[in-house]
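Read off the chains here:
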Amino acid sequence: MEEVVLSTIDLRKKIVQYTLTKKKLDHVAARVGIVLDITGSMQTLYKNGTVQEVVERILAVACKFDDNGSLDVWVYDNEFSRLPAVTERDIDQYVSNHILNNKSIHKFGRNNEPPVMEDVIRKYTVEEESEIPVFIIFINDGGVVKPIKKVIIEASIQPIFWQFVGIGESDFEVLKHLDTMEGRVVDNANFIHLNDIAAVSDESLYDQLLNEFPQWIKAAAEKRIIRK
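Residues numbered from 1 in each chain as written. Predicted model: local features only at pLDDT ≥ 70, side-chain atom pairs only at ≥ 80, totals over all residues. Heavy atoms only, no water.

**Q** Let's hear about the overall build of the protein chain: which residues, and what values?
**A** Secondary structure summary: the protein chain contains 9 helices and 6 strands in total. The C-alpha atoms of the protein chain give a radius of gyration of 17 Å, which matches the 17 Å a tight globule of 228 residues would have. Projected onto the principal axes, the alpha-carbon positions of the protein chain cover approximately 60 × 40 × 35 Å. For the protein chain, the share of sequence-separated contacts (at least 6 apart) that also reach a separation of at least 24 residues comes to 80%. Total accessible area computed for the protein chain in this model is approximately 11100 Å², and 47% of it derives from carbon and sulfur atoms. Counting 27 positive and 36 negative side-chain charges, the protein chain places the centres of these two groups 4 Å from one another. (Helix = DSSP H or I, 4+ residues; strand = E, 2+ residues; numbered from the N terminus. Rg over C-alpha atoms; globule rule 2.2 N^0.38 Å. Contact = heavy atoms within 4.5 Å. Areas by Shrake-Rupley, 256 points an atom, 1.4 Å probe, with all protein chains shown as cover. Lys, Arg positive; Asp, Glu negative; His and termini not counted. Charge placed at Lys NZ, Arg CZ, Asp CG, Glu CD.)

The structure is reproduced here in structure tokens:
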């Protein structure tokens, strides 16, 4: 009997499916986006392939949640760019082709999160309005500006869950206080810190990424922010 060798993306989709089943999310549809920090301190992680690997790992989540199997992509420093969505067909060399070799993208500047967050909100609530939930994975290596709090509070009535992922050795002071932030209709944000994201297994990564999303789904449905 011929042995079937699964591709890396197929293996990851299996792990995502297992995680979704475990967390009772296997019947949830969601639009998935990733926001990538491209400030100066991230330069090495772009050039050594870490960011490409992160996008590949998150694409597996989008493939299981989204009927289109596509992952929406943004990058930001003190400016931001909304990039073409990535799918299994064009994931190979996506970061090189669409980010590093794209001269129109502002790269390796300083942090300014609110403008890119406002563009994420605009896409999903104005341009493509829907009650289908949105799962945003926001990759950052520190230096987050305090005004993100105002954006997150105001966005708590929107069908968007923000999963912040801190990578590297910064203290992430602003992000650490997300869970205790007051003034929101529902708790719409979570933060995990992965010092070396490349060293975290797929099983552990997906488990941590999807840890608080189920509670938000339940709360957002109860408040009629989304439909279940």
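**Q** Please give an account of the environment of Phe80 that cites residues and values.
**A** Within the fold, Phe80 resides in strand β3 (residues 80-86). Given a relative accessible area of 31%, Phe80 falls into the partly exposed group. Placed 39 residues apart in sequence, Phe80 and Asp119 show a C-alpha to C-alpha distance of 8.8 Å. Those residues in contact with Phe80, other than ones at most four positions away along the chain, are Trp74, Val75, Pro115, Val116, Asp119 and Arg122. (Buried < 20%, exposed > 50% of the residue type's maximum accessible area, 1.4 Å probe, protein only.)

**Q** Go over the packing of helix α1 (residues 8-22) against helix α3 (residues 50-65), please, and point to the residues and values.
**A** With their axes 9 Å apart at the nearest point, α1 and α3 run at an angle of 55 degrees to one another. Relative to α3, the element α1 lies oblique. Helix-helix and strand crossings are classified by hand; for α1 and α3 the assignment is right-handed. Between α1 and α3, the residues in contact are Ile9, Arg12, Lys13, Val16, Gln17 and Leu20 and Glu53, Glu56, Arg57, Leu59, Ala60, Val61, Cys63, Lys64 and Phe65, respectively. Its residues assigned to classes, the contact of α1 with α3 comprises 8 nonpolar, 1 polar and 6 charged. (Axes fitted to C-alpha atoms, helices over the stretch in contact; angles between N-to-C directions. Parallel < 35°, antiparallel > 145°, perpendicular 65-115°, else oblique. Left-handed = near helix turned anticlockwise from the far one by under 90°. Nonpolar A, V, L, I, M, F, W, Y, C, P; charged D, E, K, R; others polar.)

**Q** Can you break down the pattern of salt bridges residue by residue, with the values?
**A** Taken as a whole and judged by the stated rule, the model has 14 salt bridges. A salt bridge links Asp207 to Lys22; its shortest N-O distance comes to 2.8 Å. Here the residue Asp207 occupies a position in helix α8 (residues 202-209), and Lys22 occupies one in helix α1, the gap between them amounting to 185 residues. Residue Lys22 is classed as partly exposed on the basis of its relative accessible area of 44%. Arg57 is paired through a salt bridge with Asp202; the nearest N and O atoms lie 2.8 Å apart. A residue pair is termed long-range when its members are at least 10 positions apart, and Arg57 in helix α3 and Asp202 in helix α8 qualify at 145 residues. On the basis of relative accessibility, which here comes to 15%, the residue Asp202 falls in the buried class. (Salt bridge = Lys/Arg side-chain N within 4 Å of Asp/Glu carboxyl O.)

**Q** Tell me what's going on with the nonpolar core, and back it up with residues and numbers.
**A** Counting 55 residues, the largest nonpolar core has Leu36, Phe65 and Phe213 as the members making the most contacts within it. The dominant element in this core, judged by the number of residues it contributes, is α3, at 10 residues. Apart from residues no more than four positions distant in its own chain, Phe65 is found in contact with Leu20, Leu25, Val28, Ala29, Ala30, Val32, Phe135, Leu210 and Phe213. If you look at the next biggest cluster of nonpolar residues, it comprises 26 residues, including Trp74, Ile136, Ile160 and Phe191. (Core = buried A, V, L, I, M, F, W, Y, C linked by side-chain atoms within 4.5 Å.)

**Q** Residues and numbers for the pairing of strand β4 (residues 134-140), please.
**A** Across a regular strand the side chains alternate sides, sitting on one face of the sheet and then on the other. Counting buried positions over the 7 residues of β4 gives 7, a clear majority of the element. Burial along β4 is two-sided: the face carrying Val134, Ile136, Phe138 and Asn140 and the face carrying Phe135, Ile137 and Ile139 are both buried. Inspection of the sheet shows strand β1 (residues 31-37) paired to β4 by 6 bridges, in the parallel sense. Looking across to β4, one finds that Arg31 is bridged to Val134. For β4 and strand β5 (residues 160-167), the ladder comprises 7 bridges, and the chain directions are parallel. Across the sheet, the residue bridging to Ile139 is Val165, located in β5. The parallel pair β4 and β5 is bridged by helix α6 (residues 148-154), and the resulting crossover is right-handed. (Pairing = 2+ DSSP bridges. Right-handed = clockwise from strand over helix to strand, strands pointing away.)

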